[in-house]
Amino acid sequence: MMSKLTRVQLALQHLDLSLNSLTYDSLVECVWPPDITHMNLSSNGLTESVFKCLPNGIKILDLQNNQVSVVPESILKPDHLLALDLSANRLRDLPVCDGFPTLYLLLLKANSLHAPTVSNLKSCPRLKILDVSLNPFTCTCALRSFLSLGINSEQKNGRRGIELVSWPWAYNCSYPEAFRNSTLKDIWIPEISCNVGLLAATILGPAVIVIIAAVTLCHRLDGPWYMGMIWQWTRAKHRARTQQVRPEDLVGVEFHAFVSYSQHDAEWVQNSLLPNLEGPAGGLRICHHEKNFVPGKTIIENIIRCVEKSRHSVFVLSAHFVKSEWCHYELYFASHNRVSRGSDSVVLVLLEPLPQYLIPSKYYQLKAMMDRHTYLEWPQDRAKHRLFWANLRAALQADLPNAAVRGLEE
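Criteria and thresholds
- Residues numbered from 1 in each chain as written.
- Predicted model: local features only at pLDDT ≥ 70, side-chain atom pairs only at ≥ 80, totals over all residues.
- Heavy atoms only, no water.
- Buried < 20%, exposed > 50% of the residue type's maximum accessible area, 1.4 Å probe, protein only.
- Helix = DSSP H or I, 4+ residues; strand = E, 2+ residues; numbered from the N terminus.
- Pairing = 2+ DSSP bridges.
- Disulfide = S-S within 2.5 Å.
- Patch = residues over 30% accessible without salt bridge, like charges linked within 9 Å, V, L, I, M, F, W, Y side chains within 5 Å.
- Areas by Shrake-Rupley, 256 points an atom, 1.4 Å probe, with all protein chains shown as cover.
- Salt bridge = Lys/Arg side-chain N within 4 Å of Asp/Glu carboxyl O.

Description of the pairing of strand E13 (residues 346-350)
In terms of burial, E13 is largely enclosed, as five of its five residues are buried. Burial of E13 is two-sided: the residues Val346, Leu348 and Leu350 facing one way and the residues Val347 and Val349 facing the other way are all buried. Across five bridges, the pairing between strand E12 (residues 310-317) and E13 is parallel. In the sheet register, phenylalanine 315 faces E13, and the bridge partner there is leucine 348. Direction of pairing for E13 relative to strand E14 (residues 376-377): parallel, over a ladder of two bridges. The partner of leucine 350 across the bridge, within E14, is glutamate 377.

This is the structure in structure tokens:
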């Protein structure tokens with residue numbers, strides 16, 4: 001309606017329609033006098049549809065204190081627009097200037113901009129002055145690019161020379177609470193907290209280095225062996241406390257363990273194994289054929305008696321062991337005894353590496369035991385001997401019936 005009233009005033013250049021209740025619903029075509037260059041439409045009820053009703057030659061446009069929430073991109077280009085005042089409207093982001101190719105001044109004071117998209121200014125090649133003051137800025141990662149724009153503006157080297165009006169005193173945070181009322185210039189949002197890739201690299205990089213260093217150090221210090229031995233010791237202690245064996249299954253048991261070994265390994269058994277298990281060092285009762293086999297009895301009878309009178313059976317495994325026929329018998333009887341004494345009644349001690357292919361097929365029970373059960377490996381490093389003996393003693397420790405050792409004679 002106003003455009004119709006003024007279109008006959010062909011010499012009109014400045015038009016002030018402020019402080020009215022003007023609205024525009026875009027249903028009526030606007031035809032303005034051709035020479036209008038300055039228009040003041042402030043303090044009305046206009047929305048974004050007003051951009052469809054502008055004179056072609058407009059240079060200065062004042063739309064402050066209206067109801068504009070967005071500047072539409074699909075509008076007729078006012079090719080000569082130099083200054084646009086959209087203060088005190090409802091804008092939530094910086095407008096795209098594709099419709100205003102010559103825009104020099106843009107005022108967006110007191111809108112609803114939380115984190116302005118600075119990349120939108122790429123479409124404003126001639127923009128030099130920008131006012132985004134008194135907006136409720138959200139000081140989070142999304143605001144980092146706008147912070148850079150403000151700092152560069154203060155240093156006079158901003159994006160294409162854009163000057164931020166009233167920077168920095170009129171630019172304050174409204175959120176988060178910790179930054180409320182702080183000026184944007186005084187806050188710092190580190191890039192690492194906003195860049196997920198950089199944050200992950202910062203955290204995972206040192207973590208990976210520490211893990212590699214720990215694994216390398218653990219390998220050099222033989223950590224897996226120590227961890228394995230400590231785990232076996234813990235399991236042995238736990239079994240000793242929790243495993244229940246029926247009293248009738250221990251009738252006649254006089255020894256903690258019967259030791260089975262090849263004669264080729266007798267020196268190690270006599271000089272190392274027995275001293276660390278018997279007497280003050282170990283406190284265990286050990287049965288072995290050189291001491292407890294009864295003369296006059298057959299070897300098979302002695303083996304059966306030793307196995308039956310011992311809570312555990314210890315097998316010293318080596319290449320010589322699997323070649324011994326008698327060791328095979330001892331393993332056979334002990335494996336049958338596991339039914340009543342429990343799976344922990346057989347303890348395997350690997351004196352030297354024993355690949356599966358070296359074990360004869362008749363030792364199928366030994367292969368099965370080695371596959372299913374953990375065995376103790378004799379360490380060549382003397383520093384590890386103490387932990388080895390502690391593990392072995394823990395595996396053999398058990399309460400025996402209160403009966404004196406009578407030997408094996410009957």
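Quick look at the state of the cysteines
Counted by the stated rule, this structure contains four disulfides. Put simply, cysteine 139 and cysteine 173 are joined by a disulfide, and their sulfur atoms are 1.8 Å apart. Between cysteine 139 and cysteine 173, the S-S dihedral sits near -95°, and the bridge is therefore left-handed. Taken together, the residues cysteine 139 in the loop between strand E7 (137-138) and helix H2 (144-154) and cysteine 173 in strand E9 (residues 173-175) connect sequence positions 34 residues apart. Shown here is the disulfide that connects cysteine 141 with cysteine 194, its sulfur atoms set 2.1 Å apart. The sign of the -85° torsion about the S-S bond sets the cysteine 141-cysteine 194 disulfide as left-handed. Of this pair, cysteine 141 sits in the loop between E7 and H2 while cysteine 194 sits in the loop between E9 and helix H3 (196-220), and the two are 53 residues apart along the sequence. Counting its disulfide-bonded cysteines in sequence order, the protein chain shows a connectivity of 1-2, 3-4, 5-7, 6-8.

Concerning unusual backbone geometry
Between tryptophan 167 and proline 168 the backbone carries a cis peptide bond, its omega angle lying at 5°. Looking at the secondary structure, you find proline 168 in the loop between strand E8 (163-164) and E9. A cis amide bond, omega 0°, links tyrosine 175 with the succeeding residue proline 176. In this fold, proline 176 is placed in the loop between E9 and H3. Positive phi is not limited to glycine here, since serine 26 has a value of about 65°. Along the chain, serine 26 turns up in the loop between strand E1 (14-16) and strand E2 (38-40).

Notes on a nonpolar patch on the surface
A surface patch of nonpolar side chains, about 370 Å² in accessible area, is lined by Ile203, Leu204, Val208 and Ile212. Along the polypeptide, valine 208 turns up in helix H3. Since its relative accessible area comes to 42%, valine 208 is described here as partly exposed.

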